[in-house]
Amino acid sequence: MSFTAKVKEEIIKKSVHRKGCCNYAELAGILAYSAVFKESRDGVVLQIVFENADVAMRCYNLIQKLFGNIATIEKKQYSTRHTLYKIKVADIRQLLQNVGLTDTDGVAFHVSPDITSQKCCRKAFVRGAFLGGGSIADPEKRYHFEFVTTHYLISEDMKQILETFHIHAKNVTRQSKYVTYLKDSETICDLLTMMGAYSCVLDIYNTKIYKEIKNQANRVTNFESANITKVVDASIRQVEAIRTIEQQRGLESLDPPLQEIARLRLQNPDISMLELGQLLTPAIGKSGVNHRMRKLIDIADKLR
Ligand SMILES: [Zn+2]
């Protein structure tokens, strides 16, 4: 199941309206974001096509509940994977006007003040819009949320409605469709919370925390392995130098401080110079060890 389908399922389960006004607003949202006008033998009909059975039934039930028997629904199996649900309504003008999507002259397709003036209805409209033409990317991959409509004015209205909830979205035109989108995970969570998709918000937070821990773990591991590599590389060079001296003229030929550090290094090839210095009595610092090691490498270079 896609993340979009999951959000839609949760919205449908959670949003049982107490107020009648919100039923109109939600239906308006669904229609504004999914309705297409088609010529047919009966004149122009409103055709709404859904891939999601739950959304189709939600839309159909809302129309029946609010306006009686004015719509028909049919199911079409296109392939084993794709089933489309078509809802047809003959008297489009009446329906659009009743849900507040057109003026009395029926020209403009925009959201009426009946919907935008009430907070409960603005939320219901946004929920409907998501059911009709919204999608969200899988949060494990990226953060992207969008509403897509074929009506320019609707997308402008949507942007403003979201602003009233302090959600700042952007609008863009894509292949003669109008897209209102969000890319910030925090804002997407705010919007999902507003639509009532709480468990999907938790999913996003969990994914985010998991990603952060994984990144942090990677950083620590990289840091440690980089350091280990450095220690090992340095030690290999030092041991090679000491072995050269040992073979060519014996470690006894060295001054006591150099002899001491050379023997310690041969016994402890896998520790850092800092740790090596602490094994001496009295202990010396990392730079002291480094100084002695450079002398040993110089001597070995000359012997080679
Ligand atoms: Zn309302």
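Below you will find a few notes about this structure. (Residues numbered from 1 in each chain as written. Predicted model: local features only at pLDDT ≥ 70, side-chain atom pairs only at ≥ 80, totals over all residues. Heavy atoms only, no water.)

Re the pairing of strand S3 (residues 71-77)
Now for step 1: Sheet topology places S3 next to strand S4 (residues 83-89); seven bridges connect them, and they run antiparallel. Directly across from Ile73, in S4, lies its bridge partner Ile87.
Now for step 2: Counted between consecutive antiparallel strands, the loop separating S3 from S4 contains five residues. (Pairing = 2+ DSSP bridges. Helix = DSSP H or I, 4+ residues; strand = E, 2+ residues; numbered from the N terminus.)

Focus: unusual backbone geometry
Most peptide bonds are trans, and most residues other than glycine sit at a negative phi.
Now for step 1: Residue Pro282 is reached from Thr281 by a cis peptide bond, and omega for that bond is -5 degrees.
Now for step 2: For Pro282, the position within the fold is in the loop between helix H11 (273-278) and helix H12 (286-303).
Now for step 3: Although it is not a glycine, His166 adopts a positive phi angle of roughly 60 degrees.
Now for step 4: Mapped onto the elements of the fold, His166 is located in the loop between helix H7 (152-163) and strand S7 (170-174).
Now for step 5: Judged by its relative accessible area of 63%, His166 is exposed. (Buried < 20%, exposed > 50% of the residue type's maximum accessible area, 1.4 Å probe, protein only.)

Examining the packing of helix H1 (residues 3-14) against helix H6 (residues 119-133)
Now for step 1: It is the contact of H1 with H6, at a shortest axis distance of 10 Å, that shows an interaxial angle of 140 degrees. With respect to their mutual orientation, H1 and H6 come out oblique. The crossing of H1 and H6 is left-handed. When H1 is examined against H6, the residues Thr4, Val7, Lys8, Ile11 and Ile12 are found in contact with a partner set consisting of Arg127, Phe130 and Leu131.
Now for step 2: Classifying every residue of the contact of H1 with H6 gives five nonpolar, one polar and two charged. (Axes fitted to C-alpha atoms, helices over the stretch in contact; angles between N-to-C directions. Parallel < 35°, antiparallel > 145°, perpendicular 65-115°, else oblique. Left-handed = near helix turned anticlockwise from the far one by under 90°. Contact = heavy atoms within 4.5 Å. Nonpolar A, V, L, I, M, F, W, Y, C, P; charged D, E, K, R; others polar.)

A word on the coordination of the zinc ion
Now for step 1: Here the zinc ion is held by the protein donor atoms Cys21 (SG), Cys22 (SG), Cys120 (SG) and Cys121 (SG), which lie 2.3 to 2.4 Å from it.
Now for step 2: Considering all four donor atoms around the zinc ion, the spread of angles at the metal, 96 to 124 degrees, places the coordination shape in the tetrahedral class.
Now for step 3: All donor residues of the zinc ion come from one chain, and their arrangement in sequence is C-C-x97-C-C. Of this pair, Cys21 sits in helix H2 (residues 20-32) while Cys120 is found in helix H6, placing the two residues 99 residues apart along the sequence.
Now for step 4: Taking relative accessible area as the criterion, Cys120 reaches 21% and is therefore assigned partly exposed. (Donors = N, O, S within 2.8 Å, 3.2 Å for Na, K, Ca; no water. Tetrahedral: all angles 85-135°; square planar, octahedral: opposite > 155°, others 65-115°.)

Observations concerning a nonpolar patch on the surface
Now for step 1: Together, Ile228, Val232 and Ile236 make up a nonpolar patch on the protein surface, roughly 260 Å² of accessible area in all.
Now for step 2: For Val232, a relative accessible area of 40% puts it in the partly exposed group. (Patch = residues over 30% accessible without salt bridge, like charges linked within 9 Å, V, L, I, M, F, W, Y side chains within 5 Å. Areas by Shrake-Rupley, 256 points an atom, 1.4 Å probe, with all protein chains shown as cover. Salt bridge = Lys/Arg side-chain N within 4 Å of Asp/Glu carboxyl O.)

Details of the sheet that holds strand S5 (residues 134-136)
Now for step 1: If you trace the four strands from one edge of the open sheet to the other, you get S5-S6-S8-S7, paired in antiparallel fashion. In this open sheet, the two strands that pair with only one neighbour each are S5 and S7. When strand polarity is set aside, the average angle formed by the axes of neighbouring strands in this sheet is 25 degrees.
Now for step 2: Relative to strand S8 (residues 177-182), S7 is paired through five bridges, and the arrangement is antiparallel. Across the sheet, the residue bridging to Val172 is Val179, located in S8.
Now for step 3: Packing against the sheet, helix H8 (residues 185-195) makes contact with S5, strand S6 (145-149) and S8, and its axis sits at approximately 65 degrees to S6.

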